[in-house]
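The lines below spell out each chain.
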Amino acid sequence: MGLTRCYSSEKPVLVVSWTPENPGRRFYGCTNYWVRRKCKYFQWRDDEICERGKVLIPEQRQQILTLEADIVGYRKREKRLLICLGLSLVISGMLLCLMLLLVG
Ligand SMILES: [Zn+2]
């Protein structure tokens, strides 16, 4: 598939489609399309998605987004737990010192 110049002689950009009919399918489009919808240059880069892919790709994409959101949550929780752990170590150390002073 040759990359031709568009009607407004701009260099077309590679974009990923996320419509239900074409999930993850790449195409070349003109930057002017999004700016003024002046140029209608459009050319698919990838072959058509098979029927199974049309179901599977959006499902997996949604799963990835969910898992990524989970990771962000777990990282925040890990940070809070580490702070708690650090604080309890400091408090334990202080109590130990106090006990040693009282005993000694
Ligand atoms: Zn154009």
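Residues numbered from 1 in each chain as written. Predicted model: local features only at pLDDT ≥ 70, side-chain atom pairs only at ≥ 80, totals over all residues.

The name given to the chain in an unreviewed UniProt entry is GRF-type domain-containing protein, with Lithocarpus litseifolius as the source organism.

Student: I'd like to hear about the overall build of the chain, residue by residue, with values.
Tutor: Helix and strand counts for the chain stand at two helices and three strands. Taken against the 2.2 N^0.38 rule, which gives 13 Å for 104 residues, the C-alpha radius of gyration of the chain at 28 Å runs more than 25% over that of a compact globule. Each principal axis of the C-alpha distribution contributes one length, and for the chain these read about 90 × 35 × 25 Å. By the burial criterion, 4% of the 104 residues in the chain qualify as buried. Residue pairs in contact within the chain that sit at least 24 positions apart in sequence constitute 37% of those at least 6 positions apart. (Helix = DSSP H or I, 4+ residues; strand = E, 2+ residues; numbered from the N terminus. Rg over C-alpha atoms; globule rule 2.2 N^0.38 Å. Buried ≥ 20, exposed ≤ 12 C-beta atoms within 10 Å, placed from the backbone. Contact = placed C-beta atoms within 7 Å.)

Student: Just give me the short version of the domain arrangement of the chain, but keep the residues and values in it.
Tutor: Split into domains, the chain comes out as domain 1 (1–49) and domain 2 (52–104). Spacing between the C-alpha centres of domain 1 and domain 2 amounts to 43 Å. Taken together, the contacts link five residues of domain 1 with four residues of domain 2. When its residues are assigned to classes, the side of domain 1 that touches domain 2 shows three nonpolar, one polar and one charged. (Domains from an automatic or database assignment. Nonpolar A, V, L, I, M, F, W, Y, C, P; charged D, E, K, R; others polar.)

Student: Describe the pairing of strand E1 (residues 13–18), with residues and values.
Tutor: Little of E1 sits out of view: just zero of its six residues are buried. Examined bridge by bridge, E1 and strand E2 (residues 23–29) share five bridges and lie antiparallel to one another. Paired with Val13 across the bridge in E2 is Gly29. Following E1, the chain reverses through four residues before pairing antiparallel with E2. (Pairing = 2+ DSSP bridges.)

Student: An account of the sheet that holds strand E3 (residues 42–44) is needed here, citing residue identities and associated values.
Tutor: Judged by pairing direction, the sheet is antiparallel, and its three strands sit side by side in the order E1-E2-E3 without closing on themselves. Edge positions in the sheet fall to E1 and E3, since each has one partner strand and no second. Shown here is a sheet whose adjacent strand axes are inclined to one another by a mean of 35 degrees, direction ignored. (Axes fitted to C-alpha atoms, helices over the stretch in contact; angles between N-to-C directions.)

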